[in-house]
Amino acid sequence: MSSHHATILVCDDDRLVLITLASALKNAGYDVIEADNGDDAILLARQHRPDLALLDIRMDGKSGLDVASYLRDYVGTPFMFLSAFSDDAFIAKAREFGALDYLVKPIDIELIAPAVAQAMRAARERESRSPVVPGHPPPVSQEDSEAVRLVAVGILMERFRLTREMAEQRLMALARQASRPESQYAQELVRSIDSINAVASSPAIR
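Anyway, here's the lowdown on the structure attached to this text.

Criteria and thresholds
Residues numbered from 1 in each chain as written. Predicted model: local features only at pLDDT ≥ 70, side-chain atom pairs only at ≥ 80, totals over all residues. Heavy atoms only, no water. Buried < 20%, exposed > 50% of the residue type's maximum accessible area, 1.4 Å probe, protein only. Helix = DSSP H or I, 4+ residues; strand = E, 2+ residues; numbered from the N terminus. Polar contact = N/O pair within 3.5 Å; in protein donor to acceptor, adjacent residues only side chain to side chain. Pairing = 2+ DSSP bridges. Right-handed = clockwise from strand over helix to strand, strands pointing away. Axes fitted to C-alpha atoms, helices over the stretch in contact; angles between N-to-C directions. Contact = heavy atoms within 4.5 Å.

**Brief notes about helix α2 (residues 38-48)**
For step 1, the next point in the chain: All of the buried residues in α2 are Gly38, Ala41, Ile42, Leu44, Ala45 and Arg46.
For step 2, the next point in the chain: Where α2 begins, the side chain of asparagine 37 points an oxygen toward the backbone nitrogen of aspartate 39, at a separation of 3.2 Å.

This is the structure:
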């Protein structure tokens, strides 16, 4: 995983910050995928499987923590956080969540590429010690389970062009049809593209 042509997902709802970060990383030789919201970040991560994600924690809609939870458990993409919060306890919690690094805004743009390179080295070391197997996540907490349910709703909205209310109703109906708890069905849905394809042909949604 060399720096050149490695793919970095950058997600920040501040367009100026997003453009600045993306430009710095492109100049350093990285391929960059840009997202200005958490839903797009998740969809792009599923599609492109980036080598690293750089996520703003505080965003409207899905937060950076929501996105990181999904990347950690279902895509296997390592991540680092951006935030204006500089409290040591908050930074420690972010690292406990699984972040490779935590950058405090405002960020010295000259430090971005070296920080990303260091995070990618740390990701390689972590993977060599404990390989990530996307699609086989550890048991999730109630908070993470709700985040996964929201991701599943978002997938149904995107796939079938539904409103959120309609997608939530469809998720409940599909879970009942499969005789599974909604939380379990949501996990299965976001775990695999194959699950989405199976939903598309299900009699329950025709």
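**Describing the pairing of strand β1 (residues 7-11)**
For step 1, the next point in the chain: Extensive coverage of β1 is indicated by the burial of five of its five residues.
For step 2, the next point in the chain: Burial along β1 is two-sided: Thr7, Leu9 and Cys11 and Ile8 and Val10, pointing in opposite directions, are all buried.
For step 3, the next point in the chain: Bridge analysis of β1 against strand β2 (residues 31-35) gives five bridges, and the strand direction is parallel. Within β2, the residue paired with valine 10 across the bridge is glutamate 34.
For step 4, the next point in the chain: As for the winding sense of the linkage, the β-α-β connection from β1 through helix α1 (residues 15-27) to β2 is right-handed.
For step 5, the next point in the chain: In this sheet, strand β3 (residues 52-56) lies alongside β1 in parallel orientation, the contact comprising four bridges. The residue bridging leucine 9 from the neighbouring strand is alanine 53, located in β3.

**Here we look at the sheet that holds β2**
Hydrogen bonds between backbone groups are what pair the strands of a sheet, and the pairing can be parallel or antiparallel.
For step 1, the next point in the chain: Sheet architecture is open: five strands sit in the order β2-β1-β3-β4-β5, paired in parallel fashion. In the strand order of this sheet, the two ends are held by β2 and β5 (102-104), each with one partner. Adjacent strand axes in the sheet meet at a mean angle of 20 degrees when their direction is disregarded.
For step 2, the next point in the chain: In terms of strand pairing, β3 meets strand β4 (residues 79-83) through four bridges, oriented parallel. Its bridge partner lying in β4, leucine 54 is registered against methionine 80.
For step 3, the next point in the chain: The sheet contacts of α1 involve β1, β2, β3 and β4, and relative to β2 the element is tilted by about 170 degrees.

So far we have only geometry, and geometry alone does not tell us how the molecule works.
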